[in-house]
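# Geometric and topological summary
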Amino acid sequence: MAIKNSLHQLTPIFSLLLFAVAIFVVHHEIEVYRWHDIRQALQSFPILFLVSCSAITIMAYVVLSFYDYLALEYAGERLPYHRVLFTSFLSYTISNNVGHAWLSGGSMRYRLYSSWGVSGASIAKVVAFCAVTYMLGALTLVLFGYAFSPNHALITNNLSLATIQAVIIISAILMSAWWWLVLFHRKPLTIKSFRLEIPNLSLALRQLLVALMDLLLASLVLYLPLFHFIGMPFGDFLVLYIFAQLSGLISQIPGGIGVFEGSFLFLASSQYPAPHILASLIIYRVIYYFMPLLISALMLVAYELRLRQRRLVNVAVNVLESAVPQIFSALLLLAGALLLFSGATPALKDRLQWMEYLIPLPIMEFSHLLGSIVGVVLLLLSQAVRRRIDVAYFATIVMLVLGIIASLGKGLDYEEALILGIMLISFIPTKKHFYRKSALLQLDFSKQWLVLVMMVVLGSAWLGFFSHKHVEYSNQLWWQFALHGDASRFLRSLVATVVVIVGLVGYRLFTRTAFSLVLPTAADIDRAEMIIKRSSDTSTYLALTGDKYLLWSETKNSFLMFDVTSQYWVTMGDPVGETEELEELAWQLLTLADRHNAKVAFYQVSTQHIPLYLELGLALIKLGEEARVPLASFSLEGSKRSGLRQAYNRMFRDGVSFEIIPATALDTILPQLQQISNHWMEDKKAREKRFSLGFYKEDYLRRCEIAVVKKKGEIIAFANIWLLENKEELSIDLMRYEPGVPNGVMEFLMVSLMLWGKQNEYQWFNLGMAPLSGLEKHPLGSLWNKIGNTVFRFGHEFYNFEGLYLYKNKFDPKWQPRYLAAPAGISMASALLSVTTLISGGLKGAFTK
């Protein structure tokens, strides 16, 4: 496990090293050329070809939608095609640019498809099906492209024959294995807990056809510029394209940017001029990756405006709230990179001549410096926008406006200003999505994001030195101010860029608030109690036991409770408090855990915040269902409740009574309650549980009213009551009784409390969770569901899960699912074990009472 964690920590560094290698390869291949050659190649590309490439890109994204369409058919689901197209386009524009397709594209599919009634298991199958479809197409094109390529020298000149043969042999084996499974095996494949059905022959053939069409169309967007410039044969090109695509995929760099280009250039430049290849790669990156992302932003804004007119809710609102920050985060990264790359390259000479008469030189110099600084700030803001921080909305608008001014002021770059203007117009209507209260300078930077920023800065620095390599270096360059002093402006901007990044990151590191793990004081618990009683979930009372750490929001109006193990920081339930502060708390916990080299898990969470947990990069498994009895309709009348009514009346005939003792009067009965609790523990041969359950502690009980059952004036049973001020819900925690009391005493207590709650106009009585209940029983369900269902039915030796469910179900409750949100894969089992040890007070307690 330690080795796995170390490898996970090294992944960002590995990506950065691969990007640096790619930059080195690109530099080596084009070092004999000048930036002017590449720019001239870009400017010579015909408009008609640009339009053709754009049209092919549209067709390619339409074909991509059939990945999802066939995947839904495979999963046994059906949706209108326009919804599939909408979901597919959003998912692929985000995952293509952000990377980590399983996480970014998968979470978008979850939000959209689940809101339209597709189950979580089916969505997982859709994501897996799409991944397999892409690999099928790629492997097929590798084999056929290599077989029919007229000239293998493009590859053999730069890769060893053994490497090429290994790739071809592995591809052939994988493809043969796949078609053997489709034609002859036809049994499901089980990978860890995930069960994958093999599609039938008809679906498999359509799957392959769609994959081939997608990859061919996407490759044409790059091939058309290459064909125009250098006339490369399509067979040769196709093999290089797939090799470069797989290299970018393995690198884990968003969109494979840099690695894809470096790999393709490395393989092709031995026989073709590098400037034309690089120009073609730039055109491909902009048209196939960046433009669809910008269209996604415009489409979401138009969709939101349409929503406001039609007053639609739910699905569309959830879509926008999840998609807008992700898309604009990627767009701001691109905008920042655009300004930095623009500042690193020479301005057009003809425009500089106009500038000489329009703008004074000091303003031009300042605009160039401002453009680079704005570019860096936009890179920083991209992280804040993704996390929906309110101040980031206004800061982004200001920076985009300044970027437009700087673009025009430093060299009349109206194309650049137009792109920033479109982003600005698209961004302005999205204010409602930025609601999290947090200071920008208090934002923690993730390792992956820092690596991405480093890639942009490193790339722009290399581009600047490459573009001005014909200028001989001298110390005077730093202080030279001239109309054509592009090299001097680049050097000053590079220093400003580094100063801003080092300054902001350094400030954040040195001012970062230290967080020490200290259990809450009495004052902390008093504060938490005020928030809890205004909440809508009685389980939040568990914060009052004092055995869990509390993480507070900046205003101290919200908190989350958690405990720690050697590997995990585990929260009990959802964050509590002000709605607009809860997301920030979850991110804060993730950051703090990461600082301590730990992971996070959220235990017994509701469906309300599922999008948030997906944003945190977590997966979810269902733990069971929580039973809530609607008190307005609860009654002992009627034949259905005859058993409850008879047992309830029998208790009264036996001289049993029910009473609620207010918290202010507890001191007189606490010794009796302590004695009852001790007798109960001895009789059960049990030990106190913690974390997700309360335990006997006088300070905790003093904060609750107590429901007691008396016989002949003596207390024989009790339970502490969780009450909310808004009367939305009440519940009980500890239930203790003297050995030898009449059967049904605790049921009598609960029924009496339900009737009392109904009389006092409470809406729900929460009976707590029935573990492992309500898990999917479909034959294609996950391994976790199958194990859970088996334990639920036959695990009486360990715990009577089914009996507990049946007992609670006789009160006719409404069942609501509860989940564990934790890292996917084997980490999920590790998180479950961590939760178990917290509840049981240690690993030994997990296997004993």
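The structure this text deals with has already been given above.
Residues numbered from 1 in each chain as written. Predicted model: local features only at pLDDT ≥ 70, side-chain atom pairs only at ≥ 80, totals over all residues. Heavy atoms only, no water.

## Structural notes on the side chain of S329
Within the fold, S329 resides in helix 13 (residues 315-344). With relative accessibility at 8%, the residue S329 sits in the buried group. (Helix = DSSP H or I, 4+ residues; strand = E, 2+ residues; numbered from the N terminus. Buried < 20%, exposed > 50% of the residue type's maximum accessible area, 1.4 Å probe, protein only.)

## A short note on the nonpolar core
Within the largest apolar cluster, 105 residues are counted, with the highest numbers of intra-cluster contacts made by Y113, L222, Y241, F264, I277, Y288 and L378. Core analysis: the next-biggest nonpolar cluster, separate from the first, contains 79 residues, Y541, V576, L701 and C704 among them. (Core = buried A, V, L, I, M, F, W, Y, C linked by side-chain atoms within 4.5 Å.)

## Things to note about helix 11 (residues 259-268)
For helix 11, the buried fraction is high: nine of the 10 residues fall into the buried class. Those residues of helix 11 lying buried are V259, F260, E261, G262, S263, F264, L265, L267 and A268.

## Brief notes about the sheet that holds strand 7 (residues 619-630)
By way of backbone hydrogen bonds, the strands of a sheet pair with one another, either parallel or antiparallel. The strand order across the open sheet built from 11 strands is 3-4-5-6-13-7-12-11-10-9-8, with neighbouring strands paired in mixed fashion. Of all strands in the sheet, those with a lone pairing partner are strand 3 (549-552) and strand 8 (656-661), marking the two edges. Averaged over all pairs of adjacent strands, the angle between their axes in this sheet comes to 30°, without regard to strand direction. When strand 10 (residues 714-723) meets strand 11 (residues 729-737), the two strands line up antiparallel, connected through six bridges. When the bridges of strand 11 are listed, F718 appears paired with R736. Where helix 24 (residues 670-684) meets the sheet, its contacts fall on strand 9 (705-711), strand 10 and strand 11, and the angle it forms with strand 10 comes to roughly 95°. (Pairing = 2+ DSSP bridges. Axes fitted to C-alpha atoms, helices over the stretch in contact; angles between N-to-C directions. Contact = heavy atoms within 4.5 Å.)

## Overview of empty space enclosed by the protein
All chains considered together, the criterion is met by four cavities of 30 Å³ or more. When its volume is computed, the largest cavity comes out at roughly 80 Å³. Surrounding the largest cavity, L340, G343, A344, S372, S460, A461, F490, S493, L494 and T497 form its lining. The set of elements that each furnish at least two residues to the lining of the largest cavity consists of helix 13, helix 18 (447-467) and helix 19 (486-511). It is helix 19 that provides the largest number of residues to the lining of the largest cavity, a total of four residues. Residue composition of the lining of the largest cavity, grouped by class: five nonpolar, five polar and no charged. (1 Å grid on protein atoms, 1.4 Å probe; cavity = no way out; pocket = protein on both sides within 12 Å on 5 of 7 lines; lining within 4 Å. Points joined across faces, edges and corners; volume = space filled by probe spheres on them. Nonpolar A, V, L, I, M, F, W, Y, C, P; charged D, E, K, R; others polar.)

## Description of a nonpolar patch on the surface
Residues I58, V62, F66, Y69 and Y81 make up a contiguous nonpolar surface patch of about 410 Å² in total accessible area. Sort the elements by how many residues they give to the nonpolar patch and helix 3 (residues 47-74) lands first, with four residues. Topologically, F66 is positioned in helix 3. According to the relative accessible area criterion, F66 is partly exposed, its value standing at 32%. (Patch = residues over 30% accessible without salt bridge, like charges linked within 9 Å, V, L, I, M, F, W, Y side chains within 5 Å. Areas by Shrake-Rupley, 256 points an atom, 1.4 Å probe, with all protein chains shown as cover. Salt bridge = Lys/Arg side-chain N within 4 Å of Asp/Glu carboxyl O.)

## Observations regarding the environment of S407
Of note, S407 is situated in helix 16 (residues 390-411). With 68 residues separating them along the chain, S407 and L339 place their C-alpha atoms 7.8 Å apart. Among all residues touching S407, those that are not within four sequence positions of it are L339, L412, D413, E416, A417 and L420. Within the local environment of S407, its side chain forms a polar contact with the backbone oxygen of G403, the two atoms lying 2.8 Å apart. (Polar contact = N/O pair within 3.5 Å; in protein donor to acceptor, adjacent residues only side chain to side chain.)

## As for the pattern of salt bridges
Side chains carrying opposite charge are able to pair once their charged atoms draw close together. If you walk through the whole model with that rule in mind, you get 18 salt bridges. The shortest N-O distance in the salt bridge between D526 and R703 comes to 2.8 Å. Of this pair, D526 sits in helix 20 (residues 522-533) while R703 is found in the loop between helix 25 (698-701) and strand 9, placing the two residues 177 residues apart along the sequence. By relative accessible area, D526 is classed as partly exposed at 38%. D537 is the salt-bridge partner of R818, the closest N and O atoms lying 3.5 Å from each other. Here R818 is found in strand 13 (residues 814-822), whereas its partner D537 is found in the loop between helix 20 and strand 3, with 281 residues between them in sequence. Residue classification places R818 among the buried positions, given a relative accessible area of 6%. Each of D526, E529, K533 and R703 takes part in a single network of salt bridges with overlapping partners.

## Points about the pairing of strand 10
Burial runs high along strand 10: nine of the 10 residues are buried. Here strand 9 runs beside strand 10; their pairing, made up of seven bridges, is antiparallel. When the sheet's bridge partners are listed, I706 is paired in strand 10 with N720. Hairpin geometry of strand 9 and strand 10 is characterised by an intervening segment of two residues between the two adjacent antiparallel strands and by a positive phi of about 55° at K712.

## Considerations on the environment of I419
Inspection of the secondary structure puts I419 in helix 17 (residues 414-427). Remark: the alpha-carbon pair of I419 and I404, spanning 15 residues in sequence, is separated by 8.8 Å.

## Points about the packing of helix 16 against helix 17
Packing of helix 16 against helix 17 brings their axes to within 8 Å, and their N-to-C directions diverge by 165°. Put simply, helix 16 runs roughly antiparallel to helix 17. Read as a crossing pair, helix 16 and helix 17 show a hand that is left-handed. Every residue of helix 17 that contacts helix 16 at Y393, T396, I397, L400, V401, G403, I404, S407, L408 and K410 is listed here: Y414, E416, A417, L420, G421, M423, L424 and F427. Considering only residue class, the contact of helix 16 with helix 17 consists of 12 nonpolar, four polar and two charged. (Parallel < 35°, antiparallel > 145°, perpendicular 65-115°, else oblique. Left-handed = near helix turned anticlockwise from the far one by under 90°.)

## Some thoughts on the environment of L112
Along the chain, L112 falls in helix 5 (residues 101-115). The spatial distance from the C-alpha of L112 to the C-alpha of S88 is 9.9 Å, given a sequence separation of 24 residues.

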